Amino acid sequence: MAENITLNEDEQDCLQEIMNISYGAATAAISEIINKYATLNIPKIRTANSSEFEKYFYKKLDDGKTHFISNQLVNGYLSSENMFVMDKDSVYNLCKEFGLEESEIDEDELKDVMLEISNIISTTTISKLAELIDSSVVFSPPSLKIVKSFDDLEYRYHSEDLHIIIIETNLVFKEQHIHGELIILSKNDSILYLKKALNKIIDEY
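As the structure is a computational prediction, the values presented were derived from the model and not from experiment.

Caption draft 1: Spotlight on empty space enclosed by the protein. A full pass over the atoms with the stated rule returns 3 cavities of 30 Å³ or more. Approximately 90 Å³ is the volume found for the largest cavity. Lining the largest cavity are Leu15, Leu78, Ser79, Ser80, Ile126, Leu129, Ile165, Ile184, Ser186, Ser190, Ile191 and Leu194. Counting residues per element, the ones that place at least two in the lining of the largest cavity are α4 (107-132), β8 (177-187) and α5 (188-204). For the lining of the largest cavity, the element with the highest residue contribution is α5, accounting for 3 residues.

Shown next, in the form of structure tokens:
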């Protein structure tokens, strides 16, 4: 059986601080693109193994809402698959923040805005994380799936050595609170690399 590698409390605290900085960079990038000031609540970070994540994700997608899920592969020492999840109402509100009128918002616009925002958040956040731990990453283009329940999702995250980091936050504009989750799915090799990098930072400070 493959060893399940987890982060201890100090490592999680260190990762929380780094992700606060990294997510802040993503917020700034979003604000610059749509020319509106946005704030990002301090993200809540949790970790899970494959079975724990399956239960969490099943519950999340079983709320009766339609969800937009983008997937993006990350290659490098911090290789992972990033998922960004938003319910349809949040994507709709985001379209309005992008300056679209209600009459202009159809499913194609929802998809385009979701792909754009998820790409910004995923690439900016992980690029900043890699920079802060002296690493580098390369991204594949994101893909998108729309689901109404867990049963609509091709669930394929059953690996015993899969470690999942869930970053839950709200992107807050003047009038809109938009909820989204960045989910980083990494194998043990990447988690070991991350643990070493986090402990190097902890030792330096």
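On we go from here.
Caption draft 2: Examining the layout of surface pockets more closely. Reported here for the largest pocket is a volume of approximately 280 Å³. Surrounding the largest pocket, Ile18, Ile21, Leu132, Ile133, Asp134, Tyr193, Ala197, Lys200, Ile201, Ile202, Glu204 and Tyr205 form its lining. Elements with a contribution of two residues or more to the lining of the largest pocket: α1 (9-34) and α5. Looking at the lining of the largest pocket element by element, the count peaks at 6 residues for α5. Tallied by class, residues from the lining of the largest pocket come to 9 nonpolar, no polar and 3 charged.

Caption draft 3: A look at the packing of α1 against α5. Taken N-terminus to C-terminus, the directions of α1 and α5 make an angle of 85°; their axes are 9 Å apart at the nearest point. In terms of axis orientation, α1 runs roughly perpendicular to α5. The residues of α5 that touch α1, namely those facing Asp10, Glu11, Cys14, Leu15 and Ile18, are Leu194, Lys195, Leu198, Asn199, Ile201 and Ile202.

Caption draft 4: How the structure looks around the pairing of β8. Taken across its 11 residues, β8 has 8 buried, putting it largely inside the fold. Sheet topology places strand β4 (residues 80-87) next to β8; 5 bridges connect them, and they run antiparallel. Across the sheet, the residue bridging to valine 85 is glutamate 181, located in β8. Two elements, strand β7 (residues 162-172) and β8, share 11 bridges in a ladder whose sense is antiparallel. Along β8, the bridge assignment pairs isoleucine 165 with isoleucine 184.

Caption draft 5: Structural context of unusual backbone geometry. Located in the positive-phi region is aspartate 134, a residue other than glycine, with phi close to 60°. If you trace the backbone, aspartate 134 turns up in the loop between α4 and β5 (137-139).

Caption draft 6: Local environment of the nonpolar core. In this structure, Leu15, Ile30, Phe84, Leu94, Ile167 and Phe173 are the most contacted members of the largest nonpolar core, which totals 46 residues. Contributing elements (two or more residues each) for this core: α1, β3 (67-76), β4, α3 (88-97), α4, β7, β8 and α5. Residues in contact with phenylalanine 173, not counting those within four places in the same chain, are Ile30, Ile34, Lys36, Tyr37, Ala38, Leu94, Glu97 and Ile178. Val147, Phe150, Ile164 and Ile166 belong to the second largest nonpolar core, which has 16 residues in total.

Reading the values: rules and limits
- Residues numbered from 1 in each chain as written.
- Predicted model: local features only at pLDDT ≥ 70, side-chain atom pairs only at ≥ 80, totals over all residues.
- Heavy atoms only, no water.
- 1 Å grid on protein atoms, 1.4 Å probe; cavity = no way out; pocket = protein on both sides within 12 Å on 5 of 7 lines; lining within 4 Å.
- Points joined across faces, edges and corners; volume = space filled by probe spheres on them.
- Helix = DSSP H or I, 4+ residues; strand = E, 2+ residues; numbered from the N terminus.
- Nonpolar A, V, L, I, M, F, W, Y, C, P; charged D, E, K, R; others polar.
- Axes fitted to C-alpha atoms, helices over the stretch in contact; angles between N-to-C directions.
- Parallel < 35°, antiparallel > 145°, perpendicular 65-115°, else oblique.
- Contact = heavy atoms within 4.5 Å.
- Buried < 20%, exposed > 50% of the residue type's maximum accessible area, 1.4 Å probe, protein only.
- Pairing = 2+ DSSP bridges.
- Core = buried A, V, L, I, M, F, W, Y, C linked by side-chain atoms within 4.5 Å.

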